[in-house]
Amino acid sequence: MTDTLTNSATAAATTTYSVAQERKIVTAIPGPISAALQERRRAVVSDGVSSMLPVYIAKANGAILVDVDGNQFIDLGAGIGVTTVGHTETSVVAAAIEQSRDFIHTLFTVTPYEEYVRVAELLAEHTPGDFPKKSVLINSGAEAVENGVKIARKYTGRRAVAVLDHAYHGRTVLTMAMNYKAMPYATGYGPLASDVYHAPSSYPYHDGLTGVEAAARTIAYLDKVVGASDLACLVVEPIQGEGGFMVPADGYLPALQEWCTANGVVMIADEIQSGMARSGKYFASEHFGWIPDLVLSAKGIAGGFPLAAVTGRAEIMDASQPGGLGGTFGGNPVSCAAAIAVFEAIEANDLLGEAQRIERSLTAGLTALKNKYNIIGEIRGHGAMMAIELVQPGTGDGEKAPNAAAVSAISTYAGQHGVLLLTAGTSGNVLRFLPSLALSDALIVDALSVIDDAMAALTTSSH
Ligand SMILES: *Cc1c(COP(=O)(O)O)cnc(C)c1O
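Residues numbered from 1 in each chain as written. Predicted model: local features only at pLDDT ≥ 70, side-chain atom pairs only at ≥ 80, totals over all residues. Heavy atoms only, no water.

The name an unreviewed UniProt entry assigns to the protein is (S)-3-amino-2-methylpropionate transaminase, from the organism Cryobacterium glaciale. Under the heading Cofactor (unreviewed entry), UniProt records this for the protein: "pyridoxal 5'-phosphate". Comment text from UniProt for the protein, heading Pathway (unreviewed entry), reads "Amino-acid degradation; 4-aminobutanoate degradation." (UniProt positions renumbered as here; feature names shortened; annotations may be inferred.)

Next up on the list: the site of the ligand. Every residue near the ligand is listed here: Ser140, Gly141, Ala142, Tyr168, His169, Glu237, Asp270, Ile272, Gln273 and Lys299. Taking Tyr168, its main chain carries an N or O atom lying 3.3 Å from a nitrogen atom of the ligand. With the chains in place, 83% of the 380 Å² that the ligand exposes on its own is no longer accessible. In terms of residue class, the shell around the ligand is made up of 3 nonpolar, 4 polar and 3 charged. (Near = heavy atom within 4 Å. Polar contact = N/O pair within 3.5 Å; in protein donor to acceptor, adjacent residues only side chain to side chain. Areas by Shrake-Rupley, 256 points an atom, 1.4 Å probe, with all protein chains shown as cover. Nonpolar A, V, L, I, M, F, W, Y, C, P; charged D, E, K, R; others polar.)

What follows concerns the nonpolar core. Counting residues in hydrophobic clusters, the biggest one holds 123 residues, and the most contacted among them are Met178, Leu234, Val310, Leu390, Ile410, Phe433 and Met455. For this core, the element with the most residues is helix α10 (residues 333–348), which contributes 10 residues. Residue contributions to this core reach at least three from each of two domains, namely domain 1 (3–75 + 350–461) and domain 2 (91–348). With residues near it in sequence (within four places) discarded, Val310 still touches Lys134, Ser135, Val136, Ile138, Ala144, Asn147, Gly148, Ile151, Leu294, Val295, Leu296 and Met317. Core analysis: the next-biggest nonpolar cluster, separate from the first, contains 8 residues, Ile29, Ala60, Leu65 and Phe73 among them. (Core = buried A, V, L, I, M, F, W, Y, C linked by side-chain atoms within 4.5 Å. Buried < 20%, exposed > 50% of the residue type's maximum accessible area, 1.4 Å probe, protein only. Helix = DSSP H or I, 4+ residues; strand = E, 2+ residues; numbered from the N terminus. Domains from an automatic or database assignment. Contact = heavy atoms within 4.5 Å.)

Once that is clear, we can look at the packing of aromatic side chains. A complete count under the given rule lists 6 aromatic pairs for this structure. Here the aromatic rings of Phe108 and Tyr113 are separated by 5.4 Å at their centres, their planes lie at 80°, and the arrangement is edge-to-face. Classification of Tyr113 as buried rests on a relative accessible area of 7%. Looking at Lys133, its charged tip hangs above the ring of Phe131, at a distance of 5.6 Å from the centre. The cationic tip of Lys400 hangs over the ring face of Tyr205; the distance from NZ or CZ to the ring centre is 4.5 Å. (Phe/Tyr/Trp six-rings, centres within 6.5 Å; stacked < 30°, edge-to-face > 60°. Lys NZ or Arg CZ within 6 Å of the ring centre and 35° of its normal.)

Taking 1.5 Å per residue as the helical rise, helix α4 (residues 114–126) with its 13 residues ought to reach 18 Å, and the 18 Å between its terminal C-alpha atoms agrees with that figure. Those residues of α4 that fall on the buried side of the exposure criterion are Glu115, Tyr116, Val119, Ala120, Leu122, Leu123 and His126. Here the buried residues of α4 occupy an arc of 160° about the axis, which is enough to place them on one side. Facing away from the buried side of α4 by over 90 degrees, the exposed positions are Glu114 and Glu125. Buried residues along α4 sit against α3 (90–102), β4 (133–138), β9 (294–297), β10 (308–313) and α10. (Expected span 1.5 Å × (residues − 1). Arc of directions from axis to C-beta.)

Turning our eyes to something else, we now look at the side chain of Gln99. Mapping Gln99 onto the fold places it in helix α3. For Gln99, a relative accessible area of 5% corresponds to the buried category.

A complete count under the given rule lists 1 cavity of 30 Å³ or more for this structure. In this structure, the largest cavity occupies an estimated 60 Å³ of space. Considered class by class, the residues forming the lining of the largest cavity number 7 nonpolar, 3 polar and 1 charged. (1 Å grid on protein atoms, 1.4 Å probe; cavity = no way out; pocket = protein on both sides within 12 Å on 5 of 7 lines; lining within 4 Å. Points joined across faces, edges and corners; volume = space filled by probe spheres on them.)

What follows deals with the sheet that holds strand β5 (residues 160–164). Strand order in the open sheet made by the 7 strands is β4-β10-β9-β8-β7-β5-β6, with mixed pairing throughout. The outermost strands of the open sheet, each flanked by one partner alone, are β4 and β6 (196–199). Across the sheet, the mean angle separating the axes of adjacent strands is 20° when strand polarity is ignored. Strands β5, β6 and β7 (231–236) of the sheet are contacted by helix α7 (residues 211–226), whose axis makes an angle of about 150° with β6. (Pairing = 2+ DSSP bridges. Axes fitted to C-alpha atoms, helices over the stretch in contact; angles between N-to-C directions.)

A few words on the pairing of strand β12 (residues 385–390). For β12, the tally of buried residues reaches 6 of 6 residues, placing the bulk of the element in the interior. With burial as the criterion, each face of β12 is covered, one bearing Met385, Ala387 and Glu389 and the other bearing Met386, Ile388 and Leu390. In sequence, strand β11 (residues 376–382) turns back onto β12 through a hairpin of 2 residues, with Gly383 there showing a positive phi of about 60°.

Attention now moves to the environment of Val450. Mapping Val450 onto the fold places it in helix α13 (residues 441–461). A C-alpha to C-alpha distance of 8.5 Å links Val450 and Gly418, two positions 32 residues apart in sequence. In contact with Val450, not counting residues within four places along its chain, are Arg23, Tyr413, Ala414, His417 and Val419.

All right, on to helix α11 (residues 351–372) then. If you check α11, its first and last C-alpha atoms are 31 Å apart, about what 22 residues at 1.5 Å a residue would give, namely 32 Å. Those residues of α11 lying buried are Leu351, Gly353, Ala355, Arg357, Ile358, Ser361, Leu362, Leu366 and Leu369.

See the structure below:
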């Protein structure tokens with residue numbers, strides 16, 4: 001197959017891009033050069049590391065990925081919500097180059113530098129809540145979760161950690177026990193960490209509960225199964241990521257926070273995927289009127305450079321002894337310089353407004369598809385964190401049985417036609433739209449036309 005597909009519409013007028021913001025397929029997918037690289041990889045890269053779409057990337061800019069064979073993909077995944085400001089965003093690239101020329105590493109716990117302090121100031125300013133806040137910077141999301149747990153245990157003197165059903169918190173030895181799904185994250189990697197409890201969540205599409213009802217169910221579990229006096233922390237994604245972008249019912253999160261506060265439990269927002277302007281607010285907790293005790297950031301914070309943070313109430317963050325927190329690469333100067341540029345880009349380019357624009361355009365396009373195809377059960381999310389849950393109409397379960405086969409077929413079709421579309425969902429039943437905020441309306445229309453074709457192909461082939 002050597003068809004050429006291009007999107008005639010031009011990119012957002014205000015920004016100039018080094019790569020044309022258009023979809024273009026010039027070889028079979030994967031192309032010959034990618035296929036050769038895949039062969040080399042098989043010999044030396046662990047089979048435990050998978051790749052969703054094995055096209056090897058040569059360049060990326062804005063919302064477009066260019067592979068080694070010259071194919072261009074509309075990137076609806078942004079490296080799983082990392083390049084929120086856009087690939088190779090000009091100010092992020094400039095900040096990283098400039099910082100690399102000055103110095104690349106000293107280790108903040110040996111000799112400190114201003115960039116680390118500035119990132120902590122920006123986090124204190126932009127995370128929810130109007131009280132003194134402090135931060136520790138580390139390298140990855142899972143490391144932020146681990147540090148959040150350590151900090152909460154130290155502050156409370158308690159042992160237990162609670163999470164919600166459908167959660168995802170990472171792949172380290174502690175965090176794999178905090179995930180909902182054993183496969184692939186924990187299976188065979190045990191024994192799992194003890195004192196981790198999985199409480200029922202709020203999943204309005206399936207449980208039909210109000211926020212108050214769902215919170216009562218969660219709290220009953222925490223009270224009876226764990227016991228508040230042993231519970232150090234409750235870790236919650238305000239919008240669940242890998243689980244399938246579940247938006248909790250109104251009132252659910254504030255009710256849990258109220259119970260945590262009354263019982264001396266530290267409530268931690270895992271904003272690793274939902275934070276940093278992606279949802280149309282700086283942090284998704286704000287959509288729900290939730291002011292967490294601690295907030296975890298990572299993914300989008302530094303435009304693609306590895307950086308993560310735990311930010312929260314000063315008295316909780318200060319309970320740890322000097323030397324108890326940190327790590328060699330934590331708060332790397334180049335990552336910090338990039339993060340400062342990301343915070344500036346959010347303001348300068350009105351990225352909260354751009355996320356809201358993407359929500360409006362995606363919602364309009366997806367609603368049109370939902371009216372056309374009855375496999376779309378629900379459209380949900382906020383900002384550039386939207387998803388559709390695919391169902392099997394006519395199979396009972398209130399017409400909501402998971403349709404993983406359709407999710408997989410549509411995602412594969414999209415990849416073959418130049419649209420990188422991520423899947424999610426505990427049952428593999430969700431397609432997620434997690435693009436950079438540089439994604440233009442023209443690219444949204446074009447990407448949705450491919451998904452429309454994919455759904456049409458599915459309908460045809462199933463009859
Ligand atoms: C990605 C993610 C993590 C883990 O982050 P890593 O950087 O991959 O370790 C934790 N929590 C949530 C909600 C995530 O999306």
